[in-house]
Every structure is written in C-alpha cells, then in structure tokens.
Amino acid sequence: MSFCSFLGGEVFKDHFQPGIYVCAKCGHELFSSRAKYEHSSPWPAFTETVHEDSVSKRKERPGALKVSCGKCGNGLGHEFLNDGPKRGQSRF
C-alpha cells in the first residue's frame, strides 16, 4: 500500500487490511497496519513507524513534527505529539 500526501480523497483512511504502508515515491517501508487506528482526520492515523529509520522528523511547531520519508525525503505530513489513541502516544 503506498502512502502519499493528501490529494482530496485518501483511499487508505478506512483501509484496515493487514499490510505495510510504503512511500509512494521510493517504496521505503513506513507504517504497519498493526499501528493504524481510526481517527477523525481525513488521513490514515498510525501510532508508530515500522523501523527506526522509516521517517525523518523536524520540529515544525510545539506539539507537531514535520515528517518525511527516511529514505528519499518525500513529505508525509506530521507527527502530533501526545495525540494518539492512548495517553503519551503520538499520531502520525
């Protein structure tokens, strides 16, 4: 399953079949369906990445990090700190 920026109709928001989400640009493994959960945003929501180097992050504002593919730098959105389904978890 490829993961890319929101273009007005994210097809994987309500997709919960087992699998790995990869970068649409280079195929690098990003997120597992095991870390995916339902959320009110228009994008798929995940609690963690597949690998330590799946994404790169930089601080954008308090409580939010800008997230890019760890291999090619393709923009993926944000990590919202302490906004996951459980206390202390982040939301990608």
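Residues numbered from 1 in each chain as written. Predicted model: local features only at pLDDT ≥ 70, side-chain atom pairs only at ≥ 80, totals over all residues. Heavy atoms only, no water.

**Quick notes on the nonpolar core**
Step number 1: Listed in full, the 10 residues of the largest apolar core are Y21, C23, L30, F31, F46, V55, V67, C69, L76 and F92.
Step number 2: Listing elements by their share of this core, those giving two or more residues are β2 (20-23), β3 (29-32) and β7 (64-69).
Step number 3: When near neighbours in sequence (up to four residues on either side) are disregarded, F31 contacts G19, I20, Y21, F46, E48, T49, V50, V55 and F92. (Core = buried A, V, L, I, M, F, W, Y, C linked by side-chain atoms within 4.5 Å. Buried < 20%, exposed > 50% of the residue type's maximum accessible area, 1.4 Å probe, protein only. Helix = DSSP H or I, 4+ residues; strand = E, 2+ residues; numbered from the N terminus. Contact = heavy atoms within 4.5 Å.)

**Description of the side chain of S32**
Step number 1: In this structure, S32 sits in strand β3.
Step number 2: Classification of S32 by relative accessible area gives buried; the value is 9%.
Step number 3: Reaching out from S32, the side chain makes a polar contact with the backbone nitrogen of R34 at a distance of 3.1 Å.
Step number 4: Residues in contact with S32, not counting those within four places in the same chain, are G19, I20, Y21, F46 and V50. (Polar contact = N/O pair within 3.5 Å; in protein donor to acceptor, adjacent residues only side chain to side chain.)

**Details of the packing of aromatic side chains**
Step number 1: Applying the stated criterion across every chain, the model contains 3 aromatic pairs.
Step number 2: Note on F31 and F46: the rings are 4.3 Å apart at their centroids and 10 degrees apart in plane angle, and the pair reads as stacked. Here F31 is found in strand β3, whereas its partner F46 is found in strand β5 (residues 45-46), with 15 residues between them in sequence. Comparing F31 with F46, the two get one shared label, buried.
Step number 3: Between F31 and F92, the aromatic rings sit 5.5 Å apart at their centres with planes inclined by 55 degrees, giving tilted as the arrangement. Of the two residues, F31 is situated in strand β3 and F92 in the segment after β8 (75-80); the sequence distance between them amounts to 61 residues. Just as F31 is buried, F92 falls in that class too. (Phe/Tyr/Trp six-rings, centres within 6.5 Å; stacked < 30°, edge-to-face > 60°.)

**Section: the sheet that holds β7**
Step number 1: The strand order across the open sheet formed by 3 strands is β6-β7-β8, and the pairing between neighbours is antiparallel. At either end of the open sheet lies a strand with only one pairing partner, and these are β6 (55-61) and β8. Within the sheet, the average angular offset between the axes of one strand and its neighbour, ignoring direction, is 30 degrees.
Step number 2: The pairing of β7 with β8 spans 5 bridges and is antiparallel. When the bridges of β8 are listed, A64 appears paired with F80. (Pairing = 2+ DSSP bridges. Axes fitted to C-alpha atoms, helices over the stretch in contact; angles between N-to-C directions.)

**Topic: the environment of R91**
Step number 1: Mapped onto the fold, R91 is located in the segment after β8.
Step number 2: Setting aside chain neighbours within four positions, we find R91 in contact with Y37, H39, S41, A45, F46, H78, E79, F80, D83 and G84.
Step number 3: Polar contacts involving the side chain of R91 include one to the side chain of H39, which spans 3.1 Å.
Step number 4: A polar side-chain atom of R91 sits 2.7 Å from a polar atom in the side chain of D83.

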